[in-house]
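So the chains spell out like this:
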Amino acid sequence: MFVISKLVWIFAQPLSLAFFLVFLALLAGLLRWRILSILGATGSALILSVTLYTTTGNLLMQGLEQRFAKPAADPVSLQCMIVLGGGFENEVNTARHGIEFNGGADRFVEALRLAQKFPQSRILVSGGDGSISGIYEGDAAASERFFPLFGVGKDRLIEERQSRTTFENAVNTKEFLASQGLSNCLLITSGFHMPRLRRHLPQARHQYRALADRLPHRWPGTARVGFHPAEPQCPEHGDGDPRMVRPGRLLSRRPHVRTLPELRATSLRW
């Protein structure tokens with residue numbers, strides 16, 4: 001199922017569809033199927049125009065984030081927290097053994113903040129290699145280098161290195177919590193990720209209580225339908241807003257992390 005889900009996205013993502021329609025248009029042109037060739041070229045241009053030069057992607061992601069309200073304050077006490085992977089550049093970290101972040105760094109910045117505020121809490125990081133090849137280290141491995149840099153001892157970390165999908169996050173963390181005798185943990189993930197996670201938690205038979213959203217969202221919440229011809233959009237990473245973390249801007253080590261106090265994450269009680 002994991003490989004199938006990856007293959008489906010490879011072929012269903014907008015860029016792949018656009019290339020497929022271009023290929024269809026060229027093939028139809030060679031066969032002198034003029035109408036089909038025009039439809040293919042038009043469809044490809046339309047997909048690229050909508051995804052790159054409009055706010056459609058941001059509007060869709062903004063809608064996911066706005067499903068949860070922010071909490072008024074942190075919990076009074078905290079026994080443990082669960083950080084879902086998706087914040088590290090695993091390919092770069094595997095090659096260079098560093099600490100490079102992507103647009104999901106908010107999850108680990110929030111976990112670090114709470115770890116320093118609640119020094120007795122344990123941190124379960126759930127995240128293996130989500131690539132099809134399976135040759136890269138996951139977020140759980142990278143976190144073993146990240147947290148100690150800020151005074152969080154390795155003895156507080158619990159690494160779950162097998163999960164490759166959100167559903168596997170839900171299933172595997174439940175087993176780890178049971179083996180460690182932990183419960184009522186604070187779940188940390190990004191705001192746009194929460195709807196999908198909420199769908200998988202009941203399937204994994206998790207018991208949870210919503211603590212609500214604590215992420216200063218990647219999207220301002222005021223986006224409207226519009227065009228951005230001068231700056232192609234990348235909705236997943238918040239491109240188009242200079243305050244956002246972009247794919248090409250790798251955050252690295254202490255100086256960069258300390259300049260991101262505004263990055264938080266979404267939290268639930270498990």
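Data block above holds the structure.
Rules behind the numbers
Residues numbered from 1 in each chain as written. Predicted model: local features only at pLDDT ≥ 70, side-chain atom pairs only at ≥ 80, totals over all residues. Heavy atoms only, no water. Salt bridge = Lys/Arg side-chain N within 4 Å of Asp/Glu carboxyl O. Helix = DSSP H or I, 4+ residues; strand = E, 2+ residues; numbered from the N terminus. Core = buried A, V, L, I, M, F, W, Y, C linked by side-chain atoms within 4.5 Å. Buried < 20%, exposed > 50% of the residue type's maximum accessible area, 1.4 Å probe, protein only. Contact = heavy atoms within 4.5 Å. Phe/Tyr/Trp six-rings, centres within 6.5 Å; stacked < 30°, edge-to-face > 60°.

The subject of this paragraph is the pattern of salt bridges. One pass over the full model with this rule turns up seven salt bridges. Residues R113 and E110 are paired through a salt bridge, measuring 2.9 Å at the closest nitrogen-oxygen approach. Of the two residues, R113 and E110 both sit in helix 6 (residues 106–117), three residues apart, roughly one turn of that helix. Each of D74, E110, R113 and K117 takes part in salt bridges that share partners, so that together they form one network.

Core analysis: the largest hydrophobic core is formed by 24 residues, its most contacted members being M81, F108, I123, F146 and F147. Counting residues per element, the ones that place at least two in this core are strand 1 (80–84), helix 6, strand 3 (122–126), helix 7 (139–146) and strand 5 (186–189). Among the elements that line this core, the one with the most residues is helix 6, at five residues. Once you skip the residues sitting within four places of it in the chain, F108 turns out to touch V83, L84, G87, F88, F101, V125, D139, S143, F146 and F147. Judged by nonpolar contacts, the second largest core, of 11 residues, contains I82, L177, C185 and L187.

Once that is clear, we can look at the packing of aromatic side chains. Counted according to the given criterion, the structure contains nine aromatic pairs. A ring pair is formed by F88 and F101, whose centres lie 4.6 Å apart and whose planes are at 25°; its orientation type is stacked. Note that F88 is positioned in the loop between strand 1 and helix 5 (90–96) and F101 in strand 2 (residues 100–101), a separation of 13 residues in sequence. The same class applies to F88 as to F101, namely buried. Between F108 and F146 the ring centres are 6.5 Å apart and the planes differ by 90°, which places this aromatic pair in the edge-to-face class. A residue pair is termed long-range when its members are at least 10 positions apart, and F108 in helix 6 and F146 in helix 7 qualify at 38 residues. You can call F108 buried: its relative accessible area is 0%.

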